[in-house]
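# Examination of the molecular architecture
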Amino acid sequence: MNRPARLVVLVSGSGTNLQALLDACTDPAYGARVVAVGADRDGIEGLARAERAGIPTFARSVSDFETREGWDAAMTTLVERFEPDVVVSAGFMKLLSTDFLAKFLTLNTHPALCPAFPGMHGPRDALEHGVKVTGATLFVVDAGVDTGPIVAQVPVEVAEDDDVDSLHERIKTAERAMLVDAVGRIAREGITVDGRRVRIGTSAR
Ligand code: GRF
């Protein structure tokens, strides 16, 4: 494909992973561009980062809808308008519906080495378990919680004096580099998902 891959990025918070993608996309050789940023809440730094970069944004809270299904359908319609090649859930704290996942190749980044420590508290759970190495995982989102086929992983050593914040910050530094590298390679070289096996570069997008 000789046009840049179209990325829609979903965020719920500070958006440093989004910022890493925005920065990478300023280089035409990267092969991707962020065409929209979506959120499940207003007033977050992730949306402000997109606005400063001149990228369209949308935000819908589950509480604005009578049912969760209503929110799911609205998010699907909003994302569809931007015709993404890939949706990147980068610190997006909501599960996406099976309809959404059937429509879009959706990647999520998780601050632990899957399948260890799924859920909302990857760094805390790794620290409490006493592991010496944790890290971050980029995976293709499926119907489970942090269970999808793994695209990329990066290890991060746990320091003896780490607390949850210091460990998470170090994971996030490695996580951003992993995300930027993998998304760029997917944009330029394609991705094949065969059951649980993911390969980058073996097919065109
Ligand atoms: C990341 O560590 C992500 O994996 C986790 O929340 C963090 C989001 O960070 N789910 P940011 O919003 O990209 O700064």
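Just above, that's the structure.
What comes next is a walk through the structure. Predicted model only: the values in this text are computed from it and were never measured.

## As for the nonpolar core
Within the largest apolar cluster, 45 residues are counted, with the highest numbers of intra-cluster contacts made by Val9, Val37 and Val151. For this core, the leading source of residues is helix α6 (residues 164-189), giving 10 residues. Discounting residues that sit within four places of it in the chain, Val37 has contacts with Val9, Val11, Leu18, Gly46, Leu47, Ala50, Ile55, Pro56, Thr57 and Phe58. In this structure, Val8, Phe58, Trp71 and Leu101 belong to the second largest nonpolar core, which totals 18 residues.

## Focus on the site of the ligand
Within the structure, the ligand sits among Ser14, Gly15, Thr16, Asn17, Gly91, Thr109, His110, Pro111, His168, Lys172 and Glu175. Take Thr109: an N or O atom from its main chain is 3.1 Å from an oxygen atom of the ligand. Take Lys172: an N or O atom from its side chain is 2.7 Å from an oxygen atom of the ligand. Bound to the protein, the ligand loses 89% of the 370 Å² it would expose on its own. Put simply, the parts of the chain that give the shell around the ligand at least two residues each are α1 (16-25), β5 (106-110) and α6. Here the residues of the shell around the ligand are counted per class, giving one nonpolar, eight polar and two charged.

Rules and cut-offs
- Residues numbered from 1 in each chain as written.
- Predicted model: local features only at pLDDT ≥ 70, side-chain atom pairs only at ≥ 80, totals over all residues.
- Heavy atoms only, no water.
- Core = buried A, V, L, I, M, F, W, Y, C linked by side-chain atoms within 4.5 Å.
- Buried < 20%, exposed > 50% of the residue type's maximum accessible area, 1.4 Å probe, protein only.
- Helix = DSSP H or I, 4+ residues; strand = E, 2+ residues; numbered from the N terminus.
- Contact = heavy atoms within 4.5 Å.
- Near = heavy atom within 4 Å.
- Polar contact = N/O pair within 3.5 Å; in protein donor to acceptor, adjacent residues only side chain to side chain.
- Areas by Shrake-Rupley, 256 points an atom, 1.4 Å probe, with all protein chains shown as cover.
- Nonpolar A, V, L, I, M, F, W, Y, C, P; charged D, E, K, R; others polar.

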